[in-house]
Amino acid sequence: EAGVTQSPTHLIKTRGQQVTLRCSPISGHTSVYWYQQALGLGLQFLLWYDEGEERNRGNFPPRFSGRQFPNYSSELNVNALELEDSALYLCASSLGGTPLVYEQYFGPGTRLTVT
Amino acid sequence: DAKTTQPPSMDCAEGRAANLPCNHSTISGNEYVYWYRQIHSQGPQYIIHGLKNNETNEMASLIITEDRKSSTLILPHATLRDTAVYYCIVRTTDSWGKFQFGAGTQVVVTP
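I will try to describe carefully the structure that is included in this document. Everything numeric here is computed off the predicted structure, so don't read it as measured data.

### A word on the sheet that holds strand 8 (residues 74–78) of chain A
Strand-to-strand pairing in sheets goes through backbone hydrogen bonds, with the strands running parallel or antiparallel.
All names here are of chain A.
Right, so step 1: In space, the four strands of this open sheet follow the order 1-3-8-7, with antiparallel pairing throughout. Only two strands of the sheet have a single partner each, and these edge strands are strand 1 (5–7) and strand 7 (64–68). Mean inter-strand twist for the sheet, computed between neighbouring axes without regard to direction, equals 20 degrees.

Below is the structure:
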């Protein structure tokens, strides 16, 4: 069974630019989560999508946005990039709905460097 | 949200059991304890989870105290590939899937 995939693996952008990161969940999973892991910091929750809708978002400015497509893949968009946006961006997927107990399976991440 | 406390680092000899503690004294009755690990520069990997009973799978065992205020993850025979940051997470009830990852425990397995 294929795991969560993300693209690209590495990306270098300059300040002020916009970036789009992509994630494909495990087959059968309808929920997709996005996390940011800056160097030396823990994972910070960004966004949660389920069945095409945004269910929750973390404490990030509106220039971080995303969407989920009918095939449950997802995009994370970051506008007006700032230097502190440099981080590993991780996508995870899980079975959807609102069960109390389910695991999140993570992809390998996209390393974004903003110069 | 229930908060977890873990030691920042731990060393373990290869082949020995690694016992990773986690305190979650404010855990509520319907919150689960999850363990994930993150090997350097990779995405986190699910290990195990539990509510009140001890759990075991092919990777590890999870021991939860009777009052649920703490738990221990046991890697029965640590290998060099188990070197990673281990996160103990309490599943929040209002998070709709949002995990809160703390700083974790850096485990280094030595030959």
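### Considering the environment of A:Ser24
Residues and elements named next belong to chain A.
Right, so step 1: Inspection of the secondary structure assignment puts Ser24 in strand 3 (residues 19–24).
Right, so step 2: By relative accessible area, which is 34% here, Ser24 ends up partly exposed.
Right, so step 3: Setting aside chain neighbours within four positions, we find Ser24 in contact with Gly3, Val4, Thr5 and Ser73.

### Describing the pattern of salt bridges
Residue and element names in this part refer to chain A.
Right, so step 1: Using the criterion set out here, one finds eight salt bridges over all chains in the structure.
Right, so step 2: A salt bridge links Arg22 to Glu75; the nearest nitrogen and oxygen atoms lie 3.5 Å apart. Separated by 53 residues along the polypeptide, Arg22 in strand 3 and Glu75 in strand 8 bring together distant segments of the chain.
Right, so step 3: Judged by relative accessible area, which is 41%, Arg22 ranks as partly exposed.
Right, so step 4: Salt bridges sharing common partners tie together Arg22, Arg67 and Glu75.

### Overview of the pairing of strand 7 of chain A
Residue and element names in this part refer to chain A.
Right, so step 1: Where strand 7 and strand 8 come together, five bridges link them in antiparallel fashion. Note on strand 8: the bridge partner recorded for Phe64 is Val78.
Right, so step 2: The turn linking strand 7 back onto strand 8 is made up of five residues, and Tyr72 within it adopts a positive phi angle of 75 degrees.

### A short note on the state of the cysteines
Right, so step 1: Taken as a whole, this structure holds two disulfides over all chains when the rule is applied.
Right, so step 2: Disulfide pairing is shown between A:Cys23 and A:Cys91; the S-S distance is 1.8 Å. Measuring handedness by torsion sign, the sulfur bridge of A:Cys23 and A:Cys91 sits at about -60 degrees and is left-handed. Here A:Cys23 is found in strand 3, whereas its partner A:Cys91 is found in strand 9 (residues 87–94), with 68 residues between them in sequence.
Right, so step 3: A disulfide bridge connects B:Cys22 with B:Cys88, and the sulfur atoms are separated by 2.1 Å. Residues B:Cys22 and B:Cys88 are joined by a disulfide whose S-S torsion is about -80 degrees; by sign, that bridge is left-handed.

### Points about the packing of aromatic side chains
Right, so step 1: As enumerated under the stated definition, the model contains nine aromatic pairs over all chains in all.
Right, so step 2: With a centroid separation of 5.4 Å and an interplanar angle of 45 degrees, the aromatic rings of A:Tyr35 and A:Phe106 are classed as tilted. Linking A:Tyr35 in strand 4 (residues 31–37) with A:Phe106 in strand 10 (residues 105–106), this pair joins segments that are 71 residues apart in sequence. When sorted by exposure, A:Tyr35 lands in the same class as A:Phe106, which is buried.
Right, so step 3: When the centroid spacing of 6.5 Å and the interplanar angle of 25 degrees are considered together, the rings of B:Tyr34 and B:Tyr36 count as stacked. The exposure classification of B:Tyr34 matches that of B:Tyr36, with both residues buried.

Basis of the calculations
- Residues numbered from 1 in each chain as written.
- Chains lettered and ligands numbered in written order.
- Predicted model: local features only at pLDDT ≥ 70, side-chain atom pairs only at ≥ 80, totals over all residues.
- Heavy atoms only, no water.
- Pairing = 2+ DSSP bridges.
- Helix = DSSP H or I, 4+ residues; strand = E, 2+ residues; numbered from the N terminus.
- Axes fitted to C-alpha atoms, helices over the stretch in contact; angles between N-to-C directions.
- Buried < 20%, exposed > 50% of the residue type's maximum accessible area, 1.4 Å probe, protein only.
- Contact = heavy atoms within 4.5 Å.
- Salt bridge = Lys/Arg side-chain N within 4 Å of Asp/Glu carboxyl O.
- Disulfide = S-S within 2.5 Å.
- Phe/Tyr/Trp six-rings, centres within 6.5 Å; stacked < 30°, edge-to-face > 60°.

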